[in-house]
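# Structural overview for review
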Amino acid sequence: MSKPEKSTLRLVAARAGVSPATASRTLNGNSSVDKELARRVFAAAQELGYQFSGPSKGKNSITFIAPAIASTYFSYTVTGVIEEAREAGYHVNLMLSGSDPEQELDCLRSARGPDTAGIILAPVSRRDPRQAAPELAGLPIVITGPRHIADGLVHVHLNNEEAAYLSTRYLLRLGRRRIAFVIYYWADQIFSYQDFIADYSASDHGCFTAYDRYSGYCRALEEAGLVADPALLAFGGFSYDSGYSCARKLLASGADFDAVIVPNDRCGVGFLNLLQEQGFRVPGQVSLVCLNGDLISKIVSPTLTSISSSDYEIGRRSAQQLLRLIRGEPAQDVQIDAKLSIESSTQYIV
C-alpha cells in the first residue's frame, strides 16, 4: 500500500477550490474572506487532517527588520513583503536597526510578540540571529540581502557576484582598464585596504554583499589579464554624500582611473557630481556603473548604467519563503539574476 500524501496548504486549497492565498487567509482568521469560501476551506482542512494554528493563537503578523527605509532599496523591499504578506492574511511590523549592529540585536530580542509568526531580517552584521537572540528559538526566519549568514537559514538575495562581474566585464569591453571600485558596508566596518583584504581572505564571502561583489569584480579583471589595484579601491556607503566623498578621495590620491563601479545610484550621483565639478567628462573620460539602480539613475544627466533594481521582487520572494516556513512547508534559498541596464554614463567617447 502506498504511503498517503502528506496534507499541505495547496492540497487544502485544491480540495476547497480556492487559491492557496485564500486558504492561508482563511486559516489565519482573516475576516475579509467570503463566508462560503471560508466554510469550504475549513471543511477541506478537516477532511485532509491539515494541522494549522488557527486564529485563536493569533499568529498573524510578520516582523521585518531593516537598516532603514529612506533607501529606495528597502522601501521597495518592504513593499514587496507587505503586499505578499497581505495576500496571505498577515500584516507586517517594521523595525529599523539604523545600520547599527547593537540596535539590530535589540530589534531581534524584542521581535517576538504574541502574534509574531515569523521574521525577515536584512542584517548589517554577520552573526546568526538564532544564536544572538535565543528568544527566537523555533520561530521561522528568512534572511534577505546577504547570500549566507548561517547554515539552516533561508536566504533570498541578488546574485551580487554576477552583478559586479557583468558590470566589470562590460567596462573592459568598452576599453576601460583602470576601473575603480567602491566597497561599502551597511554598518561602519572597514576603511583601509589592509583591513579589508585580511577580512575578505578570512571571511565567509556570503556574509556581506560587498565581498561577493568584489569577487565578481576581481574575476572579470583576471579574465582580462588584470589584477585589482588597491589604489583603485575606495571605502564608502550608499548615500549621495558617500559617493561625492569617495570621488574626492580618489582624485586627491592621484589614482588614475577611467571607470568606476559604485554600490547604487545615490552614491553614483554623488560621484558623478564631483567629477563634473572638477571638469571631468562622463562618460568621455570616466565611465560609471551602479550596482543597483532605480528612478534616480534615469533622471540625471548622463543617465546611469546600472544593475536593474530587483528590490521589490526580493521582498516578495522573501515573504513567500517565510510563509512556506510558517505553514510547515519546505522553503529554499532564492537567488535573483542580475541584469545590466546600459545607459549613457558608459558610452566611450574619444
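My aim in this report is to walk through the structure given alongside it, one point at a time. Per chain, residue numbering runs from 1 following the sequence as it is written. Restriction of local features to residues with pLDDT of at least 70 applies here, the model being predicted, together with a cutoff of 80 or more for giving and counting side-chain atom pairs; totals for whole chains, interfaces and linings are based on all residues. Only hydrogens and water are set aside when side-chain values are computed; all heavy atoms of the structure are taken into account.

Criterion for a disulfide: a pair of cysteine sulfur atoms at a distance within 2.5 Å. One pass over the structure, following the stated rule, counts zero disulfides. This cysteine, Cys 218, is not joined by any disulfide, and Cys 246 carries the nearest cysteine sulfur, 17 Å off. Lacking any disulfide linkage, Cys 246 is separated from the closest cysteine sulfur, that of Cys 267, by 5.6 Å. Given a relative accessible area of 2%, Cys 246 falls into the buried group. Exposure categories follow from relative accessible area, calculated using a 1.4 Å probe and restricted to protein chains: below 20% of the type maximum is buried, above 50% is exposed, and the middle band is partly exposed.

Moving on, we get to the packing of helix H4 (residues 72-87) against helix H13 (residues 311-326). At a closest axis distance of 7 Å, the pairing of H4 and H13 adopts a crossing angle of 40 degrees. When the axis of H4 is compared with that of H13, the two are oblique. H4 and H13 meet at a crossing whose hand is right-handed. Side by side, H4 and H13 meet where Thr 72, Tyr 73, Tyr 76, Thr 77, Thr 79, Gly 80, Val 81, Glu 83, Glu 84 and Ala 85 of the first sit next to Asp 311, Tyr 312, Ile 314, Gly 315, Arg 316, Ala 319, Gln 320 and Leu 323 of the second. Among the residues forming the contact of H4 with H13, the class breakdown is eight nonpolar, six polar and four charged. A fitted line through C-alpha atoms represents every axis, and for helices the fit uses only the stretch in contact; the resulting angles, taken between N-to-C directions, go from 0 to 180 degrees. Each helix corresponds to a stretch of at least 4 residues labelled H or I by DSSP, and each strand to a stretch of at least 2 residues labelled E; elements are numbered beginning at the N terminus. Under this scheme an angle from 65 to 115 degrees is roughly perpendicular, one under 35 degrees roughly parallel, and one over 145 degrees roughly antiparallel; angles in between are oblique. Here a crossing is called left-handed whenever its near helix is offset anticlockwise from the far helix by less than a right angle, and right-handed whenever the offset is clockwise. Here a residue-residue contact requires only that any non-hydrogen atoms of the pair lie within 4.5 Å. Basically, the charged four are Asp, Glu, Lys and Arg, the nonpolar ten are Ala, Val, Leu, Ile, Met, Phe, Trp, Tyr, Cys and Pro, and anything else, Gly included, counts as polar.

To form a nonpolar core, buried Ala, Val, Leu, Ile, Met, Phe, Trp, Tyr and Cys residues must be joined to one another through side-chain atoms within 4.5 Å. One finds Phe 181, Ile 183, Phe 196, Tyr 214, Tyr 217 and Phe 271 to be the most contacted residues of the largest nonpolar core, which totals 80 residues. Excluding anything up to four places from it in sequence, Phe 271 contacts Val 182, Gly 243, Tyr 244, Cys 246, Ala 247, Leu 250, Phe 257, Val 260, Val 262 and Leu 288. Counting residues in each nonpolar core, the second largest holds 15 residues, with Met 95, Ala 111, Ile 119 and Ala 133 among its members.

Taking 1.5 Å of rise per residue, the 14 residues of helix H10 (residues 240-253) would be expected to cover 20 Å, and the 20 Å separating its terminal C-alpha atoms lies within 8% of that figure. Of all the residues in H10, the buried ones are Ser 242, Gly 243, Tyr 244, Cys 246, Ala 247 and Leu 250. Structurally, H10 contributes buried residues whose contacts are with strand E6 (179-184), strand E7 (233-236) and helix H11 (265-277). Helix span, expected: 1.5 Å multiplied by one less than the number of residues in the helix.

Only strands that DSSP links by at least two bridges are regarded as paired with each other. Here six strands make up an open sheet; going across it, the order is E2-E1-E3-E4-E5-E11 and the pairing parallel. Pairing within the sheet leaves two strands with one partner each, and these edge strands are strand E2 (91-96) and strand E11 (334-336). Taken pair by pair, the neighbouring strands of this sheet meet at an average axis angle of 20 degrees, ignoring direction. In this structure, strand E1 (residues 61-66) lies alongside strand E3 (residues 116-121), joined through five bridges in parallel fashion. Among the inter-strand pairings, Ser 61 is bridged to a residue of E3, identified as Thr 116.

Moving on, we come to a nonpolar patch on the surface. Nonpolar side chains (Val, Leu, Ile, Met, Phe, Trp, Tyr) are joined into patches within 5 Å and like charges within 9 Å, using only residues with over 30% relative accessible area and no salt bridge. Computed with the Shrake-Rupley method and a 1.4 Å probe, the accessible areas treat only the protein chains shown as cover for residues. One side-chain nitrogen of Lys or Arg within 4 Å of one carboxyl oxygen of Asp or Glu is enough to make a salt bridge. A grouping of Ile 69, Leu 94 and Leu 96 is seen on the molecular surface, where their side chains present a nonpolar patch of about 220 Å² in accessible area. The topology assignment puts Leu 94 in strand E2.

Here we come to the environment of Glu 87. Counting through the fold element by element, Glu 87 comes out in helix H4. Taking the C-alpha atoms as reference points, Glu 87 and Pro 20, separated by 67 residues in sequence, lie 9.8 Å from one another.

Now for the pattern of salt bridges. This structure, assessed with the given rule, holds 14 salt bridges. Asp 128 is the partner of Arg 130 in a salt bridge, and the nearest nitrogen-oxygen pair spans 2.7 Å. Residue Arg 130 is classed as partly exposed on the basis of its relative accessible area of 34%. Between Arg 327 and Glu 329 there is a salt bridge, with the nearest N and O atoms lying 3.5 Å from each other.

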